[in-house]
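Summary of the model geometry
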Amino acid sequence: MNDLLQIRGLCTEFRTEDGLVRAVDGVSWQVNPGRTLGIVGESGCGKSVSALSVMGLIPKPSGEIVGGQVWFKGQDLLKLTERQIREIRGNEIAMIFQEPMTSLNPVFTVGNQIVEAIKLHQKLRTRDAWDLAVESLQRVGVPSAAERVYAYPHQLSGGMRQRVMIAMALSCHPAVLIADEPTTALDVTIQAQILELLRRLQAGERMALVLITHDLAVIAQIAHTVAVMYASRIVEYTSVEALFDQPLHPYTQGLFRSLPRLGQKKRRLDAIGGTVPNPLAFPSGCKFHPRCPLGCDDKRCQSVEPNLRLIRPGHVLACFKAAGYEDSPPCDIPTQAPTEVSNG
Amino acid sequence: MAKADGHILRVQGLKTYFPIRRGVFSRIRGWVRAVDGVDLDIPRGQTVGLVGESGCGKTTLGRTLLRLIPATAGTAWFEDELIFSANRRRMRQLRRQMQIIFQDPVGSLNPRMTVQTIVGEPLKVHGLAHGRALRQRVVNLLEQVGLSPGYLNRYPHEFSGGQRQRIGIARALALEPKFIICDEPVSALDVSIQSQILNLLADLQDALGLSYLFIAHNLAVVEHFCGEVAVMYLGQIVERAGSEDLYRNPVHPYTKTLLSAVPIPDPRTKTACQAPVGDVSDTSGPFTGCPFHPRCSLAQDQCRQECPQLREIGPGHFVACWRTE
């Protein structure tokens, strides 16, 4: 395995009162140093669960990883013991979450919490750990960091709290940072600051970034490759340029059409009809077919679930309706660099 | 100036302050100026957008207009009626004509009530319908917002976010209002559902001649939905213009910043955000001058001392900024 982090055929299930939910169903993706993978999808599509599976943070016993591998630096994380996982989690693979208020402990100062994270992974004296905490706060642009380490989470604004979370995640210089909707709860101006910060830190430290979001505009700004998830599966996976130039899956196309854009004067938007399917009762065949403008009458779309195939160099897709799908080889991760799509 | 002048709503000099109480006797030690002198007109049958970052007072403004929060000063005309001096009986009448749709479709629906009870409750409270007529009215309302009448006896948790928002809209429509405050109606919804709800709101406006105050932080949504947009910063409106004018030709430094921060959905064009330094500041302390001056790159002495007023710089385009003199 030459790739830094690669998950293959991951399946994660949850037992709920109402039945078994397969939240992630055969998902594969990879990310390399200095690159950003964007995972887009709507709520409940499994994008966060795939990240939590990597971190070994699936709540037990209700949740269980039932298949697949998570390769990190040549070892399968799913085969490691809890103790070995702890060495990697937070140290080499770090994660930040959407809501910085609920991810921070309200009764400790932010300094305390960063120091705790540092001392868990590095053998440092408390004093040195504090210095490192201040330094990591400075690195993420917290003004007067030397004083802010003594602040409690409620004394900071949303943007500052998210910076603290990032500082904590980056304090051990991880090789991979998984950011789950890091800017969704923030105002646009703060979002712009945080995205700029992530871009800068990543370029500086050649960190691999996995960004989970529902916002295609954020993806366009920061990702190199994009995986589009729908109903527990990846339906399209390619470079950000290829996806924005020529989205091939009807779901991706629908997302693009329903996107309100600045400067576009149109009172009615093109909406995707229907609702996101309930994971307890996924439709048969292609899970998008009841909402799909192309596939709703097609017998095959209704009965057979399409697998991912390499439809073009660097572009994998799961849709029977795409031209050339039949003749394309099965492929779940687009390894080859995509060819430039000609304009027009 | 008398009355609403043909507008559905006219707000003048509206202030909403919240006291800060501290100490043993909970004495008032200061005021949070959530809404600090707002003038706003909403033309009949149109949509006015109100944008700003969290904490700028946009939600407080909406709630003050419905008297869900008492106003500290100012006047607000709803057609020919003064909202803040109406007595209980008149206010009840007024509330029939002014409704609100909330951001959080989970928190704003009672989980113990069925859809029929939720949507029918306003009709019952105002004694407008009961029994079979009430049921029929609720069925009509559900159809109007695109929900099947078969859902009548279901509970909110059985619905998806978009459907819950439709229930909230049906409830707001129950009393046949003329004016609806939409407080971030789509920000909690999935992208593919957002456009469905926006289209529904647009269709209802065309069919029923509704007027909207559309509160949002997503500038792209506001642009396509609203005829006129007001930008709010720390309790004050800093710029107001026709939506096309505002987006093409923003004048206030804060509006420019806000627009430049919107991520562009194109991987080849990186957002060149002139992100302002720091966060939205605190409104509780005494401050003078323009509310934006601590974050503004153009601030001068005058900006720190005197608060600029909204001035018309083009037809229908108002700006409060000394540096546009």
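Just above sits the structure.
Being a predicted model, the structure only gives us computed values, none of them experimental.

With 43 residues of chain A in contact, the opposing surface of chain B contributes 45 residues. A combined buried area of about 3800 Å² lies between chain A and chain B, and 52% of that area is made up of carbon and sulfur atoms. Ranking the residues of chain A by area buried against chain B places Q221, L262 and R267 of chain A at the top, with a combined share of 19%. At the surface where chain A touches chain B, the tally comes to 1 salt bridge. D245 of chain A is paired through a salt bridge with R268 of chain B; the nearest N and O atoms lie 3.0 Å apart. Counting the contacts that link chain A with chain B gives 8 residue pairs in polar contact (both at pLDDT 80 or more). Of all elements in the fold, only helix 8 (188-205), helix 9 (216-222) and helix 10 (240-245) of chain A reach the threshold of two or more residues within the side of chain A that touches chain B. Per-element tally for the side of chain A that touches chain B: the top contributor is helix 8 of chain A, with 7 residues.

The next subject is the sheet that holds strand 5 (residues 81-82) of chain B. Residue and element names in this part refer to chain B. Strand order across the open sheet formed by 4 strands is 2-1-4-5, with antiparallel pairing between neighbours. Edge positions in the sheet fall to strand 2 (27-43) and strand 5, since each has one partner strand and no second. Of the pairings in the sheet, the one linking strand 4 (residues 73-78) to strand 5 comprises 2 bridges and is antiparallel in character. Directly across from F78, in strand 5, lies its bridge partner E81. On top of the sheet, helix 1 (residues 58-65) reaches strand 1 (7-22), strand 2 and strand 4; it is set at about 115° to strand 1, its chief contact.

Residues and elements named next belong to chain A. Look at helix 7 (residues 158-170) against helix 8: their axes get within 10 Å of each other, and the N-to-C directions meet at 15°. Looking at the two axes, helix 7 sits roughly parallel to helix 8. Crossing of helix 7 over helix 8 shows right-handed handedness. Packed against helix 7, whose contacting residues are G159, Q162, R163, I166 and L170, the element helix 8 presents I190, Q193, I194, L197, L198 and L201 at the interface. When its residues are assigned to classes, the contact of helix 7 with helix 8 shows 7 nonpolar, 3 polar and 1 charged.

Conventions used here
- Residues numbered from 1 in each chain as written.
- Chains lettered and ligands numbered in written order.
- Predicted model: local features only at pLDDT ≥ 70, side-chain atom pairs only at ≥ 80, totals over all residues.
- Heavy atoms only, no water.
- Contact = heavy atoms within 4.5 Å.
- Buried area = accessible area lost by both parts, 1.4 Å probe.
- Salt bridge = Lys/Arg side-chain N within 4 Å of Asp/Glu carboxyl O.
- Polar contact = N/O pair within 3.5 Å; in protein donor to acceptor, adjacent residues only side chain to side chain.
- Helix = DSSP H or I, 4+ residues; strand = E, 2+ residues; numbered from the N terminus.
- Pairing = 2+ DSSP bridges.
- Axes fitted to C-alpha atoms, helices over the stretch in contact; angles between N-to-C directions.
- Parallel < 35°, antiparallel > 145°, perpendicular 65-115°, else oblique.
- Left-handed = near helix turned anticlockwise from the far one by under 90°.
- Nonpolar A, V, L, I, M, F, W, Y, C, P; charged D, E, K, R; others polar.

What is shown is where atoms sit, not what they do.
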